[in-house]
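A structural walkthrough
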Amino acid sequence: MNMKKLGILMLDTSFYRPKGDIGNPETFPYPVAYQMVEKATVKRAVKMSDSILIGSFIQSAMHLQNKGVKAITTSCGFLALFQQEIQSQLHAPFYSSSLMQIPLVHMLSGGKVGVLTARRKSLTVNHLQGVMAHQTPVAIEGMDDMPAFTTAIVDETHALDMKKVSVEMKQAVTRLLDNHPDVKAIVLECTNMPPYKRFIKEVTDLPVFDIVTLSNYVVGALD
């Protein structure tokens, strides 16, 4: 039996997760273990920033840790808000969000970092502070007004239409770069966005970082 290298704390969701999404094990070239955090809905984690969830995430992370995973992450970038509280209770390396890459990406690119998030109105400076990214120059664009993405992933009221979401992703990135031409690299906050990276590359040649790039970096360091 292969030892699971990465443990993934999953929000309590039911939408389809294509390859490239953190919730699809085929996304990773190494074995992963999943642990769903009961009642950790998108509404509570994203829209409400519900701190009551911290205990549930710690408990679920400890379960994965006891199973012997080498590192632990989550399926929602907004959990950056609770990075320090959760990590302090674990001995396994824990990274809550792709937003942790922002300071490094800034240093690598030498310029402003563009952040594409699932819900702009929910992403606050407190989330950036949670992963020590609040002093880095960023430009944030959200998918709030993109109906195919929002109804499938945030509201879970419609089935995922990847074709429509791919168009919306290109529109959002184009708007980000039109409004902020000084952006030198992009970080995708949402763990459901990596499947659309190839479509993003149709509208920009800037480097794009996400939860998968961060996971590969962390797991590679632990081999």
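Before reading further, recall that the structure is shown in the block above.
This section reports on the structure supplied with the text. Quick caveat: nothing in here was measured; it's all calculated off a predicted structure. (Residues numbered from 1 in each chain as written. Predicted model: local features only at pLDDT ≥ 70, side-chain atom pairs only at ≥ 80, totals over all residues. Heavy atoms only, no water.)

Topic: the overall build of the protein
To keep things clear, this is the line we draw: Strands are runs of DSSP state E lasting at least 2 residues, helices are runs of H or I lasting at least 4, and numbering of each runs from the N terminus. For the exposure calls, accessible area comes from a 1.4 Å probe over protein chains only, and a residue counts as buried if that area is under 20% of its type's maximum, exposed if over 50%, partly exposed in between. Pairs of residues are marked as contacts when any of their non-hydrogen atoms sit within 4.5 Å. Note on areas: Shrake-Rupley with a 1.4 Å probe; residue coverage comes only from the protein chains shown. A residue counts as positive if it is Lys or Arg and as negative if it is Asp or Glu; His and the chain ends are not included. Charge positions come from single atoms, namely NZ of Lys, CZ of Arg, CG of Asp or CD of Glu.
Broken down by element type, the protein carries nine helices and eight strands. Expressed as lengths along the three principal axes of its C-alpha atoms, the size of the protein is roughly 45 × 40 × 35 Å. Counting across all 223 residues of the protein, residues that qualify as buried make up 55%. Long-range pairs, those at least 24 residues apart, make up 71% of the contacts in the protein with a sequence separation of at least 6. Working note: accessible area of the protein is about 10000 Å², and carbon and sulfur atoms make up 53% of it. With 22 positive and 20 negative side-chain charges, the protein shows a spacing of 2 Å between the two charge centroids.

Brief notes about the pattern of salt bridges
Let me state the cut-off plainly: What counts as a salt bridge is simple: a side-chain nitrogen of Lys or Arg found within 4 Å of a carboxyl oxygen of Asp or Glu.
All told, the structure shown has eight salt bridges when counted by the stated rule. A salt bridge links E141 to R175, with the nearest nitrogen and oxygen atoms 2.9 Å apart. Residue E141 is located in strand 6 (residues 138-142), and its partner R175 is located in helix 7 (residues 162-179); the two are separated by 34 residues in the primary sequence. According to the relative accessible area criterion, E141 is buried, its value standing at 11%.

A few points about the environment of G130
Inspection of the secondary structure assignment puts G130 in helix 5 (residues 125-130). Given the relative accessible area of 10%, G130 is considered buried. Non-local contacts of G130, meaning those with residues more than four positions away in its chain, are made with A80, Q83 and Q84.

Focus: the side chain of T74
Formally: We call two N or O atoms a polar contact when they sit within 3.5 Å, provided that within protein one can donate a hydrogen and the other can accept it, with sequence-adjacent residues counted only if both atoms are side-chain atoms.
For T74, the position within the fold is in strand 3 (residues 71-74). A distance of 3.1 Å separates a polar side-chain atom of T74 from the backbone oxygen of C76. There is a polar contact of 2.8 Å between the side chain of T74 and the backbone oxygen of S96. Among all residues touching T74, those that are not within four sequence positions of it are I8, L9, I22, L79, F94, Y95, S96 and T191.

Observations regarding the sheet that holds strand 8 (residues 208-209)
This is how it is decided: Two strands form a pair only when DSSP identifies at least two bridges running between them. To obtain each axis, a line is fitted to C-alpha atoms, and for helices this fit is confined to the stretch in contact; angles are then taken between N-to-C directions over 0 to 180 degrees.
What the four strands build is an open sheet, ordered 6-5-7-8; its pairing is parallel. Strands with a single pairing partner mark the edges of an open sheet, and in this sheet they are strand 6 and strand 8. Pairing of strand 7 (residues 183-188) with strand 8 involves two bridges; the strand directions are parallel. Looking at strand 8, one finds that V187 is bridged to F209. Contacts between helix 7 and the sheet are confined to strand 5 (112-117), strand 6 and strand 7, with strand 6 contributing the most and set at about 145° to the helix.

Topic: the packing of aromatic side chains
Test applied: Only Phe, Tyr and Trp rings are paired, with Trp represented by its six-membered ring, and only when their centres lie within 6.5 Å; those with planes under 30 degrees apart are stacked, over 60 edge-to-face, the remainder tilted.
Counted according to the given criterion, the structure contains one aromatic pair. Between F28 and Y30, the ring centres sit 5.6 Å apart and the planes meet at 35°, which makes this aromatic pair tilted. For F28, a relative accessible area of 7% gives the class buried.

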